[in-house]
Amino acid sequence: MTPMIWTCELTEERLSDYIDNLLTQEERTAFLQHVPSCANCAPLFASVSHLVKNLHSIAEVDAPPRLVYSILDQTLGPRDSATGWQAVLQWFRGMGTRRFTYGMASLAATFLILVTASGFNWRHPKAADLHPLNIYRRADAQVHLVYARGTKFFSDLRVVNEIQSRLRENEQVPVNQEETLPQPTPGKNPGSTDGTRPGPREQNRADGIYRNLEVLADEMPVFTGLLGGSAR
Amino acid sequence: MEQDAQLVQQCLRGDGSAWEELVRRHTRRIYNICYRFTGNRTEAEDLSQDVFLRVYRTLGSYRSAHGGFATWMTSVTRNLLIDHYRRTKRDRATDSLEDKMPVVENKESSARRPDEQALLGELSGQVQHGLTRLSPELREAVILRDLQQLEYIEIQRVLGVPEGTVKSRINRGRIELARILQQMGVRPS
């Protein structure tokens, strides 16, 4: 018995039979021998099988909620409006939808975040804490606190940056230290600013850096070595 | 299936709540078939109402021996959609295809990540646009097989055509739709 020969025409006609698993074993073997190596069939097979996979992954769209009621009104006639417990039950039934649940969950999460951010004490809650004026005051205080901390943080960063840049400058200087160090000038009066010694402004800045280093050394021991190396 | 047949029997005895249950069970599916066929939410809503109205009026003609209630209802839907297609053919000829671009719908699948949902939403819009460019015979075959995921035998009952015709329409519909999507720039990932 001669093996079945698959052709490009057969692919056009029966591609879906392969995708939906409707081919016989013999047809399937012939399909697999031809299609992957055929320049015409391989791209066609790829695009159609990809399309089918995509179509299966597309979710159904939601029908408008009013549609059911419109249909019931048209077929059974306008319904009597529910009263008493029935009305309450209908109201609760509406809360069972996934969309409503997500909406409520996100609303609750937003409320929790806002109340917590405003400084509400969850461990010892008081009714007065929920007063709008108190919430406003706490929120105002929190905002100011965050602003002050932010300002201090950036100020500290600036100081550290300045110290680091000064230290880098100092590290570069000793290469020609012998040549650049000011030589004592015979006969020159102490405190005079003839350009060979640091002036009062430079001295003040150096003092400021040293004070910053002292503060940093108190907070962070890693700077202790630097302090020792740059002692006056 | 069994439950549908039971509900139909209750409806025929005049039980309004049984009809309400049937409507609630099938509205979403029927609406989706109509939406995928027309590509328009308002038309899909109107057509879904027409389908249920016709089903309600002809409920007595349903015989469970001829197949499930869902298949019978899909068949009624299909007939209405074809009627609607013929009725609005002239209007559509004057409409621009661009006007019919469907909006990207909100996906329900909560298990997917937002980026996946966005991609699927975009894909859904492109597929919907592609579907509207298929002939109604091929479109309905693809919708029933790949979006409603009906078996071939069910599609055969819905369309009332031989098995070979169903297979041929599904195959041609898929190939045609794949080519349309390629022309639209949708490439296999």
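Because the structure is a prediction, the values reported are computed rather than measured.

Description of the overall build of chain B
And step 1. On a plain count of helices and strands, chain B comes out with nine helices and zero strands.
And step 2. Secondary structure elements of chain B occur, N-terminal to C-terminal, as α-α-α-α-α-α-α-α-α.
And step 3. Across the 189 residues in chain B, those meeting the buried criterion constitute 37%.

Quick notes on the overall build of chain A
And step 1. The secondary structure content of chain A amounts to 10 helices and zero strands.
And step 2. Reading the helices (α) and strands (β) of chain A from amino to carboxyl end gives α-α-α-α-α-α-α-α-α-α.
And step 3. Within the span of chain A, comprising 232 residues, buried residues form 9% of the whole.
And step 4. Here the analysis covers contacts within chain A between residues at least 6 apart in sequence; of these, 41% occur between residues at least 24 apart.

Focus: the interface of chain A and chain B
And step 1. Counting from both sides, the interface comprises 31 residues of chain A and, opposite them, 36 residues of chain B.
And step 2. For the side of chain A that touches chain B, the element with the most residues is helix α3 (residues 41-57) of chain A, which contributes 10 residues.

Structural notes on the confidence of the model for chain B
Residues and elements named next belong to chain B.
And step 1. Model confidence for chain B is summarised by a mean pLDDT of 83, while 82% of its residues fall at 70 or above.
And step 2. In the model, residues 96-110 has pLDDT below 50 throughout and makes 24 contacts with residues more than four positions away in sequence or in other chains.
And step 3. Scoring the predicted complex yields pTM 0.56 and, for the interface, ipTM 0.75.

Some remarks on the environment of A:Leu15
And step 1. Note on placement: A:Leu15 falls in helix α1 (residues 8-19).
And step 2. Exposure remark for A:Leu15: the 24 C-beta atoms within 10 Å place this residue in the buried category.
And step 3. Sequence separation between A:Leu15 and A:Phe31 is 16 residues, and the spatial gap between their C-alpha atoms is 9.0 Å.
And step 4. Beyond its immediate stretch of four places on either side in the chain, A:Leu15 contacts A:Leu44, A:Phe45, A:Val48, B:Asn171 and B:Ile175.

Some thoughts on the nonpolar core
And step 1. Among the nonpolar cores identified, the biggest contains 56 residues, and A:Leu51, B:Tyr31, B:Cys34, B:Ala141, B:Val142 and B:Ile155 are the most heavily contacted of them.
And step 2. Take this core: its biggest share by element is nine residues, from helix α2 (residues 16-38) of chain B.
And step 3. When residues of this core are assigned to domains, at least three map to each of domain 1 (1-95) and domain 2 (102-189) of chain B.
And step 4. Apart from residues lying up to four places away in sequence, A:Leu51 is in contact with B:Arg174, B:Leu177, B:Ala178 and B:Leu181.

Focus on the packing of helix α3 (residues 41-57) of chain B against helix α4 (residues 69-87) of chain B
Residues and elements named next belong to chain B.
And step 1. Running from amino to carboxyl end, α3 crosses α4 at an angle of 125°, the nearest separation of the two axes being 10 Å. Regarding the angle of α3 to α4, the classification is oblique. α4 is crossed by α3, and the crossing has right-handed handedness. Across the interface between the two elements, Leu47, Asp50, Val51, Arg54 and Val55 from α3 touch Met73, Val76, Thr77, Leu80, Leu81 and His84 from α4.

Description of the packing of α1(A) against helix α9 (residues 163-183) of chain B
And step 1. One way to put it is that α1(A) packs onto α9(B) with a least axis distance of 8 Å and a crossing angle of 100°. Taken together, the axis directions place α1(A) and α9(B) in an arrangement best described as roughly perpendicular. Contacts between α1(A) and α9(B) involve A:Glu12, A:Glu13, A:Arg14, A:Leu15, A:Ser16 and A:Asp17 from the first element and B:Lys167, B:Ile170, B:Asn171, B:Arg174 and B:Ile175 from the second.
And step 2. Of the residues belonging to the contact of α1(A) with α9(B), the class tally is three nonpolar, two polar and six charged.

Looking at helix α8 (residues 152-159) of chain B
Residue and element names in this part refer to chain B.
And step 1. Taken together, the buried positions of α8 are occupied by Glu154, Ile155, Val158 and Leu159. Seen from one end, α8 has its buried residues packed into an arc of 125°, which puts them on one side.
And step 2. Packed against the buried residues of α8 are α4, α7 (136-147) and α9.
And step 3. Backbone geometry just downstream of α8 places Gly160 in the positive-phi region, at approximately 70°.

Regarding unusual backbone geometry
With glycine set apart, most residues show a phi of negative sign, and most peptide bonds adopt trans.
And step 1. Within the chain, A:Asn21 stands out as a residue other than glycine whose phi angle is a positive 60°.
And step 2. Here A:Asn21 lies in the loop between α1 and α2 (25-34).
And step 3. On the neighbour-count criterion, A:Asn21 (7 C-beta atoms within 10 Å) is exposed.
And step 4. Non-glycine residue B:Gln149 carries a positive phi angle of around 55°.
And step 5. For B:Gln149, the position within the fold is in the loop between α7 and α8.

Calculation rules
Residues numbered from 1 in each chain as written. Chains lettered and ligands numbered in written order. Predicted model: local features only at pLDDT ≥ 70, side-chain atom pairs only at ≥ 80, totals over all residues. Helix = DSSP H or I, 4+ residues; strand = E, 2+ residues; numbered from the N terminus. Buried ≥ 20, exposed ≤ 12 C-beta atoms within 10 Å, placed from the backbone. Contact = placed C-beta atoms within 7 Å. pLDDT = per-residue confidence, 0-100. Core = buried A, V, L, I, M, F, W, Y, C linked by C-beta atoms within 7 Å. Domains from an automatic or database assignment. Axes fitted to C-alpha atoms, helices over the stretch in contact; angles between N-to-C directions. Parallel < 35°, antiparallel > 145°, perpendicular 65-115°, else oblique. Left-handed = near helix turned anticlockwise from the far one by under 90°. Nonpolar A, V, L, I, M, F, W, Y, C, P; charged D, E, K, R; others polar. Arc of directions from axis to C-beta.

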